[in-house]
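What the coordinates show
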Amino acid sequence: MSNQSFVLDPGFQFSAALDPHRRAAYQRALEQAFDDFDGSPSVALLGWEAATLIDLVAPGAGRIVIVEEDAGRAENVHAAIVARGLGNNVSMVQQPLGSVKLDEFVDIVVAGQA
């Protein structure tokens, strides 16, 4: 396993999350980051914008942590995760994005607009 961490900082709005060109670029970046790890890396998605990339992350990730500070958005993200059947390896953390502290190290971080 690599000792590196990757931070992808899209800083995008919701419309950008639906942009196929931008999503394809993030898919390529995630695939490259995943290729640098033996096995399935752990991934943190910070903010609802990053959480929209769950379908790109879920197939290759061993553990996924989604962080959202707004209670309403966190509830909506959690409901969407459960509806997609991804709840087994996904945990939700409701904390401020600027000062979040995770219980465990993650290999890849994808940060939305904070």
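Read on for a plain summary of the structure. For clarity, every value in this text was computed on a predicted model and none was experimentally measured.

Some remarks on the side chain of Asp107
Note on placement: Asp107 falls in the loop between strand S4 (90-93) and strand S5 (108-111). Although Asp107 is buried, it forms no salt bridge, and the closest oppositely charged side chain is Arg63 at an N-O distance of 6.9 Å. Polar side-chain contacts of Asp107 include one of 2.9 Å to the backbone nitrogen of Ser42.

Some details on the side chain of Arg23
Within the secondary structure, Arg23 is located in helix H2 (residues 20-35). A distance of 3.2 Å separates the side chain of Arg23 from the backbone oxygen of Thr52, its partner in a polar contact.

Some thoughts on H2
If you check H2, its first and last C-alpha atoms are 22 Å apart, about what 16 residues at 1.5 Å a residue would give, namely 22 Å. Listed in full, the buried residues belonging to H2 are Arg23, Tyr26, Leu30, Ala33 and Phe34. Buried residues of H2 fall within an arc of 95 degrees about the axis and therefore sit on the same side. Exposed side of H2, more than 90 degrees from the buried face: His21, Arg28, Gln32 and Asp35 are the residues found there.

Structural notes on the pattern of salt bridges
All chains considered together, the criterion is met by three salt bridges. Residue Asp70 pairs with Arg73 through a salt bridge whose shortest N-O separation is 3.6 Å. The structure contains a network of salt bridges with shared partners spanning Glu68, Asp70 and Arg73.

Rules behind the numbers
- Sequence order as written defines residue numbering, which begins from 1 separately in each chain.
- Confidence filtering applies because this is a predicted model: local features only for residues at pLDDT of at least 70, side-chain atom pairs given and counted only at 80 or more, and all residues used for totals across whole chains, interfaces and linings.
- Side-chain figures throughout are based on the complete set of non-hydrogen atoms in the structure, without hydrogens or water.
- Secondary structure elements follow DSSP: runs of H or I of four or more residues count as helices, runs of E of two or more count as strands, with numbering from the N terminus.
- Relative accessible area decides the class of each residue, using a 1.4 Å probe on protein chains only: under 20% of the type maximum gives buried, over 50% gives exposed, and in between gives partly exposed.
- Under the counting rule used here, the positive set is Lys and Arg, the negative set is Asp and Glu, and His together with the chain ends is not counted.
- Basic side-chain nitrogens of Lys or Arg form a salt bridge, by our definition, when they fall within 4 Å of a carboxyl oxygen of Asp or Glu.
- Any N or O atom pair separated by 3.5 Å or less is treated as a polar contact, with the protein-specific requirement of one donor-capable and one acceptor-capable atom, and with residues adjacent in sequence counted only for side-chain atom pairs.
- One fewer than the residue count of a helix, multiplied by 1.5 Å, yields its expected span.
- Starting at the helix axis, one direction is taken to each C-beta atom, and the arc is that of these directions.

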